[in-house]
Number of protein chains: 2
Amino acid sequence: MKMRFAERAANLRASEIREILKLTEMPEVISFAGGLPAPELFPVAEIAKISEQVLATQGQAALQYSPTEGFPILREIIAKERMSRAQVDVSAQQILVTAGSQQGIEFCGRLFLDKNDYVICESPTYLGAINAFNSYQPRYLEIPMDDEGMIISELEKTLEQHPEAKMIYTVPDFQNPTGRTMSVARRQQLARLAKRYQIPVIEDNPYGELRFEGDSYPAIKSFDDEGWVIYLGSFSKTFCPGYRIGWMCAKPEILHKFVLIKQASDLQCSSIAQREIALYLQQYDLNEHIAKIRQVYKQRRDLMLESIHKYFPATVKYTIPEGGLFTWVELKRDIDAARLLDEALQEKVAFVPGASFFPNTHHRNFLRLNYSNMQKERIVEGIQRLGLVLQRHYN
Amino acid sequence: MKMRFAERAANLRASEIREILKLTEMPEVISFAGGLPAPELFPVAEIAKISEQVLATQGQAALQYSPTEGFPILREIIAKERMSRAQVDVSAQQILVTAGSQQGIEFCGRLFLDKNDYVICESPTYLGAINAFNSYQPRYLEIPMDDEGMIISELEKTLEQHPEAKMIYTVPDFQNPTGRTMSVARRQQLARLAKRYQIPVIEDNPYGELRFEGDSYPAIKSFDDEGWVIYLGSFSKTFCPGYRIGWMCAKPEILHKFVLIKQASDLQCSSIAQREIALYLQQYDLNEHIAKIRQVYKQRRDLMLESIHKYFPATVKYTIPEGGLFTWVELKRDIDAARLLDEALQEKVAFVPGASFFPNTHHRNFLRLNYSNMQKERIVEGIQRLGLVLQRHYN
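The structure presented is a predicted model; accordingly, all values stated were derived computationally and were not measured.

Novice: Let's hear about the overall build of chain A: which residues, and what values?
Specialist: What chain A contains, in helices and strands, is twelve helices and 14 strands. For a compact globule of 395 residues, the expected C-alpha radius of gyration is about 21 Å, and chain A comes in at 21 Å, within 12% of that figure. By principal-axis analysis of the C-alpha atoms, chain A measures approximately 65 × 55 × 55 Å. When each of the 395 residues of chain A is scored for burial, the buried share is 65%. A separation threshold of at least 6 residues defines the contact pool for chain A, and within that pool the share at least 24 residues apart is 77%. Of note, chain A has its 47 positive side-chain charges centred 3 Å away from the centre of its 49 negative side-chain charges.

Okay, here's the thing in structure tokens:
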């Protein structure tokens, strides 16, 4: 039998990371390949209390269908508390509750992309976004980055050459995979360019609240006076990913289209998950909880960077993330990180080779390391093992 | 400002039902327009116990990311218990957990449909499927129905004329909107035609377990020896919709593609929802719970049909659903049900006009009535009011 699929089905590829994660599941492997939050920080006891209350006082409503836009109280709290922390002043009318920010990314692909349309993104960019957009058969224009994020002069050149491009996708805070953050000046410039070139910006910000030092940056959307920026937020990294609750923030005309897409896709997010998160946010201080996460992740980052400094060859470059979950390592040009992984696995250590984060260019001498989900002793031990493997190639 | 959307965005339309539901939300209106299960039957107390156990014994895992395919124990139970009730013999490897069966419908659109491809469906068909498929800009071929469901000789003619059609979508059990059920003989014939014409069948079955009398029918998929049938199931009507948990069942090669689509769409369903439902299914007897639902809905159906018989003009036709949530009323050809709704609302009663369930033909003299979510006294009172409105047009 041979089923006839849509043309887009040819773009369906298993995430390389997923395949790698399978390889690294052996317990003796110290794996920096994942991107999971630390489960020991989940407020399990508090959630148990909340869940009991929700079922006792609003059980039938929590188990019934509910509006596509999201639970009104949750939308309200997201607008007032989470968006204001990103310095964006919006009302609940501009919030759609989604199944994580991943669903928001996919919805942007669906709303904006026809076949062969251009998506502008950072080089490298989030692999999950590439996978989501690929359903709509776009082409990619990669904008080089430096330590202040996407290089805006390069973006402007690209917009001049391709004014027909359909959207700009960016992860401005502690980007996955590089850990880099876009400077405030560039955020302003990006918002200005979006307006001038009349192109929507997808600001994907799952990590922004996990800043280890200094003040948090205003969102790109805070500089957006016409509504070109679509902001994607998530509770996956600041609370728990298991609920699959995030949100989109966009001006009402645009949000309305996403509501229709949401309705056609899965009707709504879990009613009970939304009511539980809303009640948690009413009864507990999420900012306090986030402060705890930040503290733990900062210690893990510090230890990872110290260990890299100690055990990696001196010429290996790496980013110093000011928050988030990842650092990004640049090797000598002639090292293929995918091959290096085979060697590393023999030494019982793993990472994600960087090639799949580049939609077009496939640079092979990068790798991504996660520190959020690893106990301290294992960070040191793992980086030491990886250092050993690297030293072979540098001596 | 003018954003440039994808071509498909032109197909984004608000569900007419949704708009009608807003009109009918006034408490004094008796509305048969919705399609909600009866919340007083949700096993709230049992779920409270289950939720407590899940958080106490597997809290961290329930709040963490989990596999895209779904929680293994839940997949196992779905395969063994739910699919076997539909007389389909499959393993957990053929189950993908989805956000309701709605998400399964949308995924089928994404996997199979290019612009202008033909979808074959019942006439009328489920409005949510039309909305989901419309993102992929298909055309529709409607197959007439009778009391045994889709007329298979008509389907065969259509397949002969359009061998290029990409898929057949059907709701064989207590169809939304008509309440009709496809006979066993036609299920066999449909499976045979799918194989002969090499065309996938999307068997959408959210209501199948809610049969009021007689034996349940084997799924179309039970007659499928090559894997042409993709079966969609849901816990929304047999347990609770608020969790947003359903499933797809397909042969492994096809299921793998849906797993990739799921991963790009929202990574996975809620980990905690899946673990709670799995534990409920281990500790309680869902079949017993479903028996209770059936009993209540059967009483409501009986009362609605009796009331229709008593209060509607004698020449009005209506289906006698053997299960599910809806009956379907056929009026004189010259009555436009959308206009009738205006009159009905003045008498404080509401329904869904049938036109939007027809993708092409838009017959205007039908209406859908829901009985699952309405107390008995209100069923009699509402049908009496509607009868009053109808009598004006028949005398």
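Novice: I'd like a rundown of the relation of the copies chain A and chain B, residues and numbers included.
Specialist: Structural alignment of chain A on chain B gives an RMSD of 0.0 Å, achieved by rotating through 180° and translating 0.0 Å along the axis. Considering both components of the superposition, the chain copies are consistent with a two-fold axis. Taken together, the interface assignments show that 100% of the residues at the interface of chain A recur at the interface of chain B, consistent with an identical surface on both copies.

Novice: Could you give an account of the domain arrangement of chain A, with specific residues and numbers?
Specialist: Residues and elements named next belong to chain A. Here chain A is described as being made up of domain 1 (7-43 + 288-394) and domain 2 (64-283). Taking the mean C-alpha position of each, domain 1 and domain 2 sit 25 Å from one another. On the side of domain 2, 36 residues touch domain 1, which itself brings 34 residues to the contact. Where R301 meets E213, a salt bridge forms, and the shortest distance between an N and an O atom there is 2.5 Å.

Novice: Now, about helix α4 (residues 100-112) of chain B: what can you tell me, with residues and values included?
Specialist: Between its first and last C-alpha, α4(B) extends 19 Å over 13 residues, near the 18 Å set by a 1.5 Å rise per residue. Within α4(B), 13 of the 13 residues are buried, leaving the element largely enclosed by the surrounding structure.

Novice: Could you give an account of the sheet that holds strand β10 (residues 317-318) of chain B, with specific residues and numbers?
Specialist: Residue and element names in this part refer to chain B. Strands sit in the order β10-β11-β14-β13 across an open sheet of four strands; the sheet is antiparallel. Two strands in the sheet have a free side with no partner beyond their single neighbour: β10 and β13 (352-353). Of the strand pairs in this sheet, strand β11 (residues 326-330) and strand β14 (residues 366-370) are connected by five bridges, and their pairing is antiparallel. Counterpart to F326 in the pairing with β14 is N370.

Novice: Can you tell me about the pattern of salt bridges, naming the residues and giving the values?
Specialist: A side chain of one charge can pair with a side chain of the opposite charge when the charged atoms of the two come close. For the structure on display, the rule yields 54 salt bridges over all chains. Put simply, E209(A) and R82(A) hold a salt bridge, and the shortest N to O gap is 2.7 Å. On the criterion of sequence distance, the pair formed by E209(A) in the loop between β7 (201-204) and β8 (229-234) and R82(A) in helix α3 (residues 72-85) is long-range, its members being 127 residues apart. R82(A) gets classed as buried once you look at its relative accessible area, which sits at 4%. E76(B) is the partner of K80(B) in a salt bridge, and the nearest nitrogen-oxygen pair spans 3.6 Å. With K80(B) and E76(B) both in helix α3 (residues 72-85), this residue pair falls four residues apart, about one helical turn. For K80(B), a relative accessible area of 57% puts it in the exposed group. Residue classification places E76(B) among the partly exposed positions, given a relative accessible area of 36%. Salt bridges here are not isolated pairs; linked through shared partners, they connect E106(A), R110(A), E106(B) and R110(B).

Novice: Lay out unusual backbone geometry in plain terms, naming residues and giving numbers.
Specialist: Residue S123(A) is joined to P124(A) through a cis peptide bond whose omega torsion reads 5°. Mapped onto the fold, P124(A) is located in the loop between β3 (118-123) and α5 (127-134). Cis rather than trans, the peptide bond between N176(B) and P177(B) has omega equal to 20°. Even without being a glycine, F174(B) presents a positive backbone phi close to 50°. Here F174(B) lies in the loop between β6 (167-170) and α7 (184-197).

What counts, and where the lines are drawn
- Residues numbered from 1 in each chain as written.
- Chains lettered and ligands numbered in written order.
- Predicted model: local features only at pLDDT ≥ 70, side-chain atom pairs only at ≥ 80, totals over all residues.
- Heavy atoms only, no water.
- Helix = DSSP H or I, 4+ residues; strand = E, 2+ residues; numbered from the N terminus.
- Rg over C-alpha atoms; globule rule 2.2 N^0.38 Å.
- Buried < 20%, exposed > 50% of the residue type's maximum accessible area, 1.4 Å probe, protein only.
- Contact = heavy atoms within 4.5 Å.
- Lys, Arg positive; Asp, Glu negative; His and termini not counted.
- Charge placed at Lys NZ, Arg CZ, Asp CG, Glu CD.
- Least-squares fit on C-alpha atoms with pLDDT ≥ 70 in both.
- Domains from an automatic or database assignment.
- Salt bridge = Lys/Arg side-chain N within 4 Å of Asp/Glu carboxyl O.
- Expected span 1.5 Å × (residues − 1).
- Pairing = 2+ DSSP bridges.

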